[in-house]
Amino acid sequence: MERTAKIERTTNETSIQLTLDIDGEGRSNLETGVPFLTHMLDLFTKHGQFNLTVEAKGDIEVDDHHTTEDIGICLGQALKEALGDKRGIKRYGNAFVPMDEALAQVVVDLSNRPHLEMRADFPSQKVGTFDTELVHEFLWKFALEARMNLHVIVHYGKNTHHIIEAIFKAMARALDEATTIDPRIKGIPSTKGML
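The structure contained in this document is the topic of the report that follows. (Residues numbered from 1 in each chain as written. Predicted model: local features only at pLDDT ≥ 70, side-chain atom pairs only at ≥ 80, totals over all residues. Heavy atoms only, no water.)

## With respect to the packing of helix α3 (residues 133-146) against helix α4 (residues 160-179)
Okay, step 1: Two numbers describe how α3 lies on α4: the axes approach to 12 Å, and their chain directions differ by 15°. By the angle class used here, α3 and α4 are roughly parallel. The handedness of the crossing between α3 and α4 is left-handed. Each of V135, F138, L139 and F142 in α3 lies in contact with α4, whose residues at this interface are I164, I167, F168, M171 and L175.
Okay, step 2: Within the contact of α3 with α4, the residues separate by chemical class into 9 nonpolar, no polar and no charged. (Axes fitted to C-alpha atoms, helices over the stretch in contact; angles between N-to-C directions. Helix = DSSP H or I, 4+ residues; strand = E, 2+ residues; numbered from the N terminus. Parallel < 35°, antiparallel > 145°, perpendicular 65-115°, else oblique. Left-handed = near helix turned anticlockwise from the far one by under 90°. Contact = heavy atoms within 4.5 Å. Nonpolar A, V, L, I, M, F, W, Y, C, P; charged D, E, K, R; others polar.)

## What about unusual backbone geometry?
Okay, step 1: In this structure, D100 is a non-glycine residue whose phi angle is positive, near 55°.
Okay, step 2: In this fold, D100 is placed in the loop between β5 (92-99) and β6 (102-109).
Okay, step 3: A residue is classified by how much of its surface remains accessible, and D100, at 65% relative accessible area, is exposed.
Okay, step 4: We note that R147 has phi near 55°; this positive angle belongs to a residue other than glycine.
Okay, step 5: Assignment of secondary structure puts R147 in the loop between α3 and β10 (149-156). (Buried < 20%, exposed > 50% of the residue type's maximum accessible area, 1.4 Å probe, protein only.)

## Comments concerning helix α1 (residues 35-48)
Because an α-helix packs 3.6 residues into every turn, residues spaced three or four apart end up facing the same way.
Okay, step 1: Taking 1.5 Å as the rise per residue, α1 with 14 residues should run 20 Å; its terminal C-alpha atoms sit 20 Å apart, in good agreement.
Okay, step 2: Restricting attention to buried positions, one finds in α1 the residues F36, L37, T38, M40, L41, L43, F44, T45 and G48.
Okay, step 3: Positive backbone phi, at 60°, marks Q49, one or two positions downstream of α1. (Expected span 1.5 Å × (residues − 1).)

Here is the structure:
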């Protein structure tokens, strides 16, 4: 069973084509127009063992907000679609990732209940030209459209780049665990009988 999805989204602000293969090899082909986001999505793909293609054109002459937000929306929709009825998945994932002095933890539940809980402070408002407040915007839209519980806890860290990188790597590894098919699980991993 292929667990893949292709999403296309066009608004007056952005045009995005995104494909996701959950059972990938960590390959990415990314053209976002937002260099720092491209970097984060590249390592997200690598550490989650997904295949991800993104071709995005947005109003980055204004700022990176709309492009970042809409890529989060598309990635969430792709994850939800690729998972199908979630039969046989582990459903939950948890990962700690250090990045030098920073330590991030991400816990996910592919529950069909969208929620973002984020405990993170960024010492700097920008990394390069990227506004760090957009990390929350991206993660919230990703969680909302994927319809998952996404808990992000930064235990400590001083360098903003390191903190954000640890978050994206931990999120990838938590999702890799949660999306894994477990042969012991028969049917949907919920007492409700559906997710």
